[in-house]
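Structural overview
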Number of protein chains: 2
Amino acid sequence: MVKALLSLLLVLVTLSSTLGKPEKNIPKRGKRIVQTLSRGWGDQLIWAQTYEEALYWSRLKNKPLMVIFHLEDCPHSLAMKKVFSEDKELQRILDEDFIVLNLMYETTDKHLSPDGQYVPRIIFVDPSMTVRADITGRYSNRMYAYEPSDIKLLRDNMEKAKKLLKTEL
Amino acid sequence: MVKALLSLLLVLVTLSSTLGKPEKNIPKRGKRIVQTLSRGWGDQLIWAQTYEEALYWSRLKNKPLMVIFHLEDCPHSLAMKKVFSEDKELQRILDEDFIVLNLMYETTDKHLSPDGQYVPRIIFVDPSMTVRADITGRYSNRMYAYEPSDIKLLRDNMEKAKKLLKTEL
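Residues numbered from 1 in each chain as written. Chains lettered and ligands numbered in written order. Predicted model: local features only at pLDDT ≥ 70, side-chain atom pairs only at ≥ 80, totals over all residues. Heavy atoms only, no water.

1. Considerations on the sheet that holds strand β1 (residues 65-69) of chain A
For sheets, the rule is that strands pair by backbone hydrogen bonds, running either parallel or antiparallel. Residue and element names in this part refer to chain A. What counts, and what does not: In this analysis, strands are considered paired if DSSP registers two or more bridges between them. Each helix corresponds to a stretch of at least 4 residues labelled H or I by DSSP, and each strand to a stretch of at least 2 residues labelled E; elements are numbered beginning at the N terminus. All axes are obtained by fitting lines to C-alpha atoms, using only the stretch in contact for helices, and the reported angles, taken between N-to-C directions, cover 0 to 180 degrees. For this analysis, residues touch if any pair of their heavy atoms sits within 4.5 Å.
The three strands are arranged β2-β1-β3 in an open sheet whose pairing can be described as mixed. Each edge of the open sheet carries a strand with a single partner, namely β2 (99-103) and β3 (121-125). Neighbour-to-neighbour, the strand axes of this sheet turn through a mean angle of 20°, independent of strand direction. Of the strand pairs in this sheet, β1 and β2 are connected by five bridges, and their pairing is parallel. Within β2, the position partnered with L65 by the bridge is I99. Strands β1, β2 and β3 of the sheet are contacted by helix α2 (residues 51-61), whose axis makes an angle of about 170° with β2.

2. Some details on the side chain of N102 of chain A
For clarity, the cut-off: Each polar contact in these results corresponds to two N or O atoms within 3.5 Å; when the atoms are within protein, one needs to be able to donate a hydrogen and the other to accept it, and residues that are neighboring in sequence are counted only if both atoms are side-chain atoms.
Position of N102 of chain A among the secondary structure elements: in strand β2. Of the polar contacts made by the side chain of N102 of chain A, one reaches the backbone oxygen of L37 of chain A; its length is 2.8 Å. A polar contact of 2.9 Å, which involves the side chain of N102 of chain A, links it to the side chain of H70 of chain A. Non-local contacts of N102 of chain A, meaning those with residues more than four positions away in its chain, are made with L37, S38, R39, W41, W47, I68 and H70 of chain A together with Q49 of chain B.

3. Here we look at the side chain of S38 of chain B
Residue and element names in this part refer to chain B. Mapped onto the elements of the fold, S38 is located in the loop between α1 (2-18) and α2 (51-61). A polar atom in the side chain of S38 sits 3.4 Å from the side chain of T36. Aside from chain neighbours lying at most four places away, what touches S38 is D43, W47 and N102.

4. A word on the sheet that holds strand β1 (residues 65-69) of chain B
Residues and elements named next belong to chain B. Pairing in this open sheet of three strands is mixed, and the strands run β2-β1-β3 from one edge to the other. Sheet topology places β2 (99-103) and β3 (121-125) at the edges, where each strand pairs with a single neighbour. Pairwise comparison of adjacent strand axes, ignoring direction, gives a mean angle of 20° for this sheet. Direction of pairing for β1 relative to β3: antiparallel, over a ladder of five bridges. When the sheet's bridge partners are listed, I68 is paired in β3 with I122. Across the face of the sheet, α2 comes into contact with β1, β2 and β3 while running at roughly 170° to β2.

5. Some points on the pattern of salt bridges
To be explicit about the condition: Each reported salt bridge corresponds to a side-chain nitrogen of Lys or Arg within 4 Å of a carboxyl oxygen of Asp or Glu. In this scheme, a residue with accessible area under 20% of its type's maximum is buried, one over 50% is exposed, and one in between is partly exposed, where area comes from a 1.4 Å probe on protein chains only.
Counting across every chain of the model gives 25 salt bridges over all chains. With a closest N to O distance of 3.0 Å, D134 of chain B and R132 of chain B form a salt bridge. What makes D134 of chain B partly exposed here is its relative accessible area of 49%. Under the relative-accessibility criterion, R132 of chain B is labelled buried at 9%. Each of K28 of chain A together with E89, R92 and E96 of chain B takes part in salt bridges that share partners, so that together they form one network.

6. Some thoughts on the packing of aromatic side chains
Between two aromatic rings, the relevant description is the distance of the centres plus the angle of the planes. The criterion, for reference: By convention, a stacked pair of Phe, Tyr or Trp rings (six-membered ring in the case of Trp) has centres within 6.5 Å and planes under 30 degrees apart, an edge-to-face pair has planes over 60 apart, and any other such pair is tilted.
Taken as a whole and assessed by the stated rule, the structure comprises 10 aromatic pairs over all chains. Residues W57 of chain A and Y105 of chain B carry aromatic rings whose centres are separated by 6.3 Å and whose planes lie at 70° to one another, so their mutual orientation is edge-to-face. Of this pair, W57 of chain A sits in helix α2 while Y105 of chain B sits in the loop between β2 and β3, which puts the two residues in different chains. A relative accessible area of 25% means that W57 of chain A is categorised as partly exposed. With a relative accessible area of 21%, Y105 of chain B lands in the partly exposed category. Connected via pairs of aromatic rings, a cluster forms that spans Y56 and W57 of chain A together with Y105 of chain B.

7. Re the relation of the copies chain B and chain A
Using the following cut-off: A least-squares fit on C-alpha atoms brings the copies together, and the residues used are those whose pLDDT is at least 70 in both copies.
For the pair chain B and chain A, the superposition axis carries a translation of 0.0 Å, the fit reaches an RMSD of 0.0 Å, and the rotation angle comes to 180°. Taken together, the rotation angle and the small translation identify this as a two-fold axis. Closest approach to the rotation axis among the C-alpha atoms of chain B is made by T36 of chain B, whose C-alpha sits 2.0 Å away. Both copies contact each other with a shared surface, as 100% of the interface residues of chain B are interface residues in chain A too.

Quick look at the structure:
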């Protein structure tokens, strides 16, 4: 019995160390953590990779787009990310009603930085491809910034973004 | 002894089912696989997310950029990806000497589709931000397409791309 359990343990340990790990090039500095598109902002959401892709999906699905600008070494971004990713209601609404994109580098499209380039910054875009510069946070010097305590305001703004602009397109 | 082993087993099983899994919004259709930036083209490489980001790193590091256009439901892309990701030498050279980007959606930059938009398609870009339209595969109708059997040609082309263009920038 002990022997059987020991064998089982060995099998478990072996399995856990080989599963999903085919032989790969391992960089000199050691094995890296695989990069994800979510970057921790919601691992269960379907993230667009680029702004072009996000606009494509937004138009096709007729859903507003949320663009999050952030940096991984910015404590404000990290604090916001924690609250954002743990808010189940916010995540559910994003999953059902939004196209989502998070970026660490600016795009060439100036409309995505109505009052400058800073992080964290959250911009909504209507499926008509109009940046919703009217949907802002509470800081007059950085109108699209949100702090963790602003999560309720962010959810309210998501409701605003869901009321799509009427366009003649 | 048996009891101790059983406890250890229980701990292992509990650990493996909870580790790295904080409570999350689970979409109605069930838990999704987390999307990666590599998309299977080399999980140990550091992938740029967007073309803008890739150009930034290429200039900063003075390394050529490889852009792979592909689709996850294209059998030619999948066959190429398998050979590409399993070629340790190719992966090592990419890791050390290239900036890498894989895209499933076209960018707005026409220079990235010198002879049209198709997949799989591999385009090299010099750190001077010049698309290396001179570095081609073996098919005259789709000059930037590669088949799995062309992997040696692709490695040769990587060597060409590493000989940087001289620019007056």
